[in-house]
Amino acid sequence: MARSGRFLLALLALLPLMSGGAMARGLGRENPWASDHITDLPRDIRASVARQYPGCEPARAQHGFARYLTTPGAHPDFVALHFDLFGCSDRSAICTSSGCLHQVYAATRAGYRLVYSGHIDDIELRLVGGRPAVALSCTGAIGACRILIWNGRRFR
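Quick caveat, the model's predicted, so the values are computed rather than measured. Each chain carries its own residue numbering, running from 1 in the written order of its sequence. Only residues with pLDDT of at least 70 are given local features in this predicted model, and only at 80 or more are side-chain atom pairs given and counted; all residues enter the totals for whole chains, interfaces and linings. With hydrogens and water set aside, each side-chain value is computed from the structure's full complement of heavy atoms.

Caption draft 1: Molecular detail of the side chain of histidine 82. Counting from the N terminus, the helices are DSSP H or I runs at least four residues long and the strands are E runs at least two residues long. Looking at where histidine 82 falls in the secondary structure, it is placed in strand 3 (residues 78-82). Contacts were defined at the residue level, with two residues in contact if any of their heavy atoms lie within 4.5 Å. What histidine 82 contacts, discounting residues up to four positions off in sequence, is Gly64, Phe65, Arg67, Leu101, His102, Asp122 and Ile123.

Caption draft 2: Up close: the confidence of the model for the chain. Residue-level confidence of the predictor is summarised by pLDDT, bounded by 0 at the bottom and 100 at the top. Averaged over all residues, the pLDDT of the chain equals 81, while 77% of them reach at least 70. Of the regions scoring below 50 in pLDDT, residues 4-27 engages in three contacts with residues more than four places distant in sequence or in other chains.

Caption draft 3: Region of the structure containing the state of the cysteines. Two cysteine sulfur atoms make up a disulfide if the distance between them is within 2.5 Å. Per the counting criterion, the structure on display carries two disulfides. A sulfur-sulfur separation of 1.8 Å characterises the disulfide bridge that pairs cysteine 56 with cysteine 88. Between cysteine 56 and cysteine 88, the S-S torsion sits near -60°, and that sign places the bridge as left-handed. Of this pair, cysteine 56 sits in the loop between helix 4 (43-52) and strand 1 (60-61) while cysteine 88 sits in the loop between strand 4 (86-87) and strand 5 (95-96), and the two are 32 residues apart along the sequence.

Caption draft 4: Representation of the side chain of glutamine 103. Its place among the elements puts glutamine 103 in strand 6 (residues 99-108). As used in this structure description, the phrase polar contact means that two N or O atoms lie within 3.5 Å; if the pair is within protein, one of them must be able to donate a hydrogen and the other to accept it, and residues adjacent in sequence are counted only when both atoms belong to side chains. At 3.0 Å, the side chain of glutamine 103 forms a polar contact with the side chain of tyrosine 105.

Caption draft 5: Summary view of the environment of phenylalanine 83. Turning to its location among the elements, phenylalanine 83 is positioned in the loop between strand 3 and strand 4. For the pair formed by phenylalanine 83 and glycine 99, sequence separation is 16 residues and the distance between their alpha carbons is 9.7 Å.

Caption draft 6: Representation of the packing of aromatic side chains in the model. Aromatic rings from Phe, Tyr and Trp, taking only the six-membered ring of Trp, are treated as a pair when their centres fall within 6.5 Å; an angle between ring planes under 30 degrees marks them as stacked, one over 60 as edge-to-face, and anything in between as tilted. Throughout the structure, instances matching the rule amount to eight aromatic pairs. Aromatic pair tyrosine 53 and phenylalanine 83: ring centres 5.5 Å apart, planes at 50°, arrangement tilted. Highlighted residues: tyrosine 53 in the loop between helix 4 and strand 1 and phenylalanine 83 in the loop between strand 3 and strand 4, separated in sequence by 30 residues. The pair formed by tyrosine 53 and phenylalanine 83 is uniform in burial state, with each residue classed as buried. Just above the ring of tryptophan 33 sits the side chain of arginine 60; from NZ or CZ to the centre is 5.1 Å. Only protein chains enter the accessibility calculation, which uses a 1.4 Å probe; a residue is then buried when its area is under 20% of its type maximum, exposed when over 50%, and partly exposed in between. Geometrically, a lysine NZ or arginine CZ counts as sitting over a ring once it is within 6 Å of the ring centre and also within 35 degrees of the ring normal.

This is the structure:
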């Protein structure tokens with residue numbers, strides 16, 4: 001038997017010896033509600049979130065709270081925040097019947113600035129015809145209910 005075949009058989013023989021708990025503990029160890037999802041944000045954005053929601057300390061969020069779009073050429077980079085994935089005991093501070101808060105920040109030479117903010121179901125950063133855009137998902141709409149294109153200063 002080839003060396004790789006013997007190695008595979010030896011590995012398979014060891015599997016029953018591993019407890020299910022040990023295997024489960026090895027997978028998915030990261031806390032889904034982690035403060036890293038906030039502290040890893042650019043400083044300007046992190047400060048903006050802290051100013052807006054001082055009662056939501058310690059700030060924490062799930063994977064996907066911040067999503068990024070890096071665009072080629074002269075376009076700025078964008079960061080979209082999905083507050084439906086933001087940990088705050090007062091959900092009314094971030095969610096309404098129209099949806100949860102979603103914000104988009106654009107990179108500038110001086111830092112990041114807020115270029116979109118709204119209570120909607122979801123938002124997706126994308127390129128449309130090579131230009132940055134946001135696809136807004138609204139209650140009852142199948143797919144995007146509105147697409148806004150970046151005009152160099154804001155989404156229209």
